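As a plain string of letters, each chain reads:
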Amino acid sequence: MNRPTDAHSMIQAATPTATNPGYMPGFGNDFETEALPGALPEGKNSPQKCNYGLYGEQLSGTAFTAPSHQNERTWCYRIRPSVKHSARYDKIDLPYWRSAPDIDPDVISLGQYRWDPVPHSEQALTWLTGMRTMTTAGDVNTQVGMASHIYLVTASMQDAYFYSADSELLVVPQEGRLRFCTELGIIDLEPREIAIIPRGLLYRVELLEGPARGFVCENYGQKFELPGRGPIGANCMANRRDFKTPVAAFEDRDAPSTVTIKWCGQFHETRIGHSPLDVVAWHGNYAPVKYDLSNYCPIGAILFDHPDPSIFTVLTAPSGVPGTANIDFVLFRERWMTMEDTFRPPWYHKNIMSELMGNIYGQYDAKPQGFVPGGMSLHNMMLPHGPDKNAFEGASNADLKPEKLDNTMSFMFETRFPQHLTTFAATEAPLQDDYIDCWDDIEKKFDGTPGTK
Ligand SMILES: [Fe+2]
């Protein structure tokens, strides 16, 4: 069941890169790659006849007329055109993969919530059957908002393929290793890394090392991009060169196969007689990408106080309102704390944005206990949150030497829209009923007399 791969049947480009075999460096570059010599037309996109008898086809990731700095499309040269990878559709049910709006009238989303890791089951689960939606926000039909998911994968997809017409997926592994065999090449993914799988891109997910669990941010809106650095300048945070896009790889394989499509929140299946991963060469700037989070260079305060967490943004998906993201992907990783006369952990606050956090490994500084690797928390729109008593007392009384927060990596999917818990998140997932109590024993210190307490 866990056959790791039949990638040996994929013929992969030998394009060398200085940094990673099998990948090309850069974010949003205009790439070109071919798995067979001469498969990529030179100087034109649509020659009268393509070499090797390939079909030319464009995959548009933005409207044709999007501004040139945002315009994304890729030209594919493939064994069969995509119309041959699609037949009549049957609706199928994947009951645990939900889309916004998905509001259970019996569930209260107004609250501060935290979950232990969702456990694996005895059942063999693939990327599709193992997806568990925790929250949804916005509306998939109007292409605003997002969903957050946990994936639990214990089996490879075999002769089965998938694409989402609704969304791009930001994948954040927490345990196990996965291989994404996509139309445009192969991405291997493990904890500390993330991947972006674009809207409309066909792929199959194989289990390389299991069980595999992780988090997914399903972005219905505009694509993720790198945040502007403003006065920080041209370097630090996530650097473009550290993103990796796969070189071309293809399969020429006949086998009864299924293609599942997520479209307007519903799942549909079509049957074909061959692998649709048949792109021999491609060029363009609409492509999957991965990134190693240990390359993220955090910026912070070096004398006193504490910047807003937006200083740790890795990727942002704009909403159309300047500075107000549909989604920010924010990383809390190892870093030095050096601030003088400062309460160093995240402060107490209420936020117009909704914050969903996940722990990849280690201990998070605002919550020494209870927020464990694989676990999640939700602090919804305009709900107060902050350090628990232990974190507050510890940080208020600490000897403020330079200190390294080590072995810690958590993240936040922050959206401008309120996040609604799914029925699964409220009733089946391991919700910590006592999370709200973590602030219970915070004392009133004020007694009307001046001075610190
Ligand atoms: Fe917060």
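Preceding this section is the structure that the text describes.
Residues numbered from 1 in each chain as written. Predicted model: local features only at pLDDT ≥ 70, side-chain atom pairs only at ≥ 80, totals over all residues. Heavy atoms only, no water.

Here the focus is the environment of Thr 258. Position of Thr 258 relative to the elements: it lies in strand S17 (residues 254-263). Taking relative accessible area as the criterion, Thr 258 reaches 16% and is therefore assigned buried. Leave out the neighbours within four places in its chain, and Thr 258 touches Asp 159, Ala 160, Tyr 161, Glu 269, Thr 270 and Arg 271. (Helix = DSSP H or I, 4+ residues; strand = E, 2+ residues; numbered from the N terminus. Buried < 20%, exposed > 50% of the residue type's maximum accessible area, 1.4 Å probe, protein only. Contact = heavy atoms within 4.5 Å.)

So, on to the nonpolar core. Counting residues in each nonpolar core, the largest one holds 53 residues, and the members touching the most others are Trp 115, Leu 170, Val 172, Phe 224, Leu 315, Phe 329 and Phe 413. Among the elements that line this core, the one with the most residues is strand S22 (residues 324-337), at 5 residues. Sequence-distant contacts of Phe 329, that is, excluding residues within four places in its chain, are made with Leu 170, Val 172, Ile 194, Phe 224, Leu 293, Phe 312, Thr 313, Val 314, Leu 315, Phe 411, Met 412 and Phe 413. Grouped together as the second largest cluster of nonpolar side chains are 48 residues, Phe 31, Tyr 151, Val 216 and Trp 282 included. (Core = buried A, V, L, I, M, F, W, Y, C linked by side-chain atoms within 4.5 Å.)

Here the focus is the side chain of Glu 218. Turning to its location among the elements, Glu 218 is positioned in strand S14 (residues 203-219). At 3.0 Å, the side chain of Glu 218 forms a polar contact with the side chain of Trp 97. Excluding anything up to four places from it in sequence, Glu 218 contacts Trp 97, Gly 145, Met 146, Ala 147, His 149, Ser 164, Asp 166, Ser 167, Glu 168, Leu 169 and Lys 262. (Polar contact = N/O pair within 3.5 Å; in protein donor to acceptor, adjacent residues only side chain to side chain.)

Let us now look at the sheet that holds strand S19 (residues 279-284). As summarised here, the arrangement of the 4 strands in space is S3-S19-S5-S4, forming an open sheet in which the pairing is antiparallel. Strands with a single pairing partner mark the edges of an open sheet, and in this sheet they are strand S3 (31-34) and strand S4 (55-60). This sheet shows a mean twist of 20 degrees between the axes of neighbouring strands, independent of strand direction. Judged from the 4 bridges that link them, S3 and S19 form a sheet pairing that is antiparallel. By the bridge assignment for S19, Phe 31 is matched with Gly 284. (Pairing = 2+ DSSP bridges. Axes fitted to C-alpha atoms, helices over the stretch in contact; angles between N-to-C directions.)

Moving on to the packing of aromatic side chains. Across all of its chains, the model carries 22 aromatic pairs by this definition. Look at Phe 329 and Phe 413: their rings are 5.9 Å apart centre to centre, the planes differ by 40 degrees, and that puts the pair in the tilted class. Residue Phe 329 is located in strand S22, and its partner Phe 413 is located in strand S25 (residues 403-415); the two are separated by 84 residues in the primary sequence. Phe 413 matches Phe 329 in its accessibility class, with the two residues each being buried. Both rings, one in Tyr 348 and one in Phe 392, keep their centres 6.0 Å apart while their planes meet at 40 degrees; by these two values the pair is tilted. (Phe/Tyr/Trp six-rings, centres within 6.5 Å; stacked < 30°, edge-to-face > 60°.)

Below, the discussion takes up the coordination of the iron ion. Taken together, the protein ligands of the iron ion are His 349 (NE2), Glu 355 (OE), Glu 355 (OE) and His 385 (NE2), with distances of 2.0 to 2.5 Å. Along the chain, the residues donating to the iron ion fall in the pattern H-x5-E-x29-H. Taking the relative accessible area as the measure of exposure, Glu 355 reaches 4% and is therefore buried. (Donors = N, O, S within 2.8 Å, 3.2 Å for Na, K, Ca; no water.)

Within the fold, Glu 193 resides in strand S13 (residues 193-197). Only 3.0 Å separates the side chain of Glu 193 from the side chain of Lys 290, close enough to count as a polar contact.

What links the strands of a sheet is backbone hydrogen bonding, and the strands pair in either a parallel or an antiparallel sense. As summarised here, the arrangement of the 6 strands in space is S7-S24-S23-S25-S22-S21, forming an open sheet in which the pairing is antiparallel. Pairing within the sheet leaves two strands with one partner each, and these edge strands are strand S7 (112-115) and strand S21 (313-321). Across the sheet, the mean angle from the axis of one strand to that of its neighbour is 20 degrees, orientation sign disregarded. Relative to S25, strand S23 (residues 354-362) is paired through 8 bridges, and the arrangement is antiparallel. The residue of S25 that forms the bridge with Glu 355 is Glu 414.

Our focus in this paragraph is unusual backbone geometry. Of the consecutive residues Ala 100 and Pro 101, the connecting peptide bond is found in the cis state with omega at -5 degrees. Examined against the element boundaries, Pro 101 turns out to sit in the loop between strand S6 (90-92) and S7. Cis geometry is found at the peptide bond from Gly 210 to Pro 211, where omega equals 0 degrees. Position of Pro 211 among the secondary structure elements: in strand S14. A positive phi angle, close to 80 degrees, is found at Cys 236, a residue other than glycine. If you trace the backbone, Cys 236 turns up in the loop between S14 and strand S15 (243-246). Judged by its relative accessible area of 25%, Cys 236 is partly exposed.

Here we come to a nonpolar patch on the surface. Taken together, Ile 352, Met 381 and Met 382 make up a surface patch of nonpolar side chains, about 280 Å² in accessible area. If you trace the backbone, Met 381 turns up in the loop between strand S24 (376-379) and helix H1 (389-397). (Patch = residues over 30% accessible without salt bridge, like charges linked within 9 Å, V, L, I, M, F, W, Y side chains within 5 Å. Areas by Shrake-Rupley, 256 points an atom, 1.4 Å probe, with all protein chains shown as cover. Salt bridge = Lys/Arg side-chain N within 4 Å of Asp/Glu carboxyl O.)

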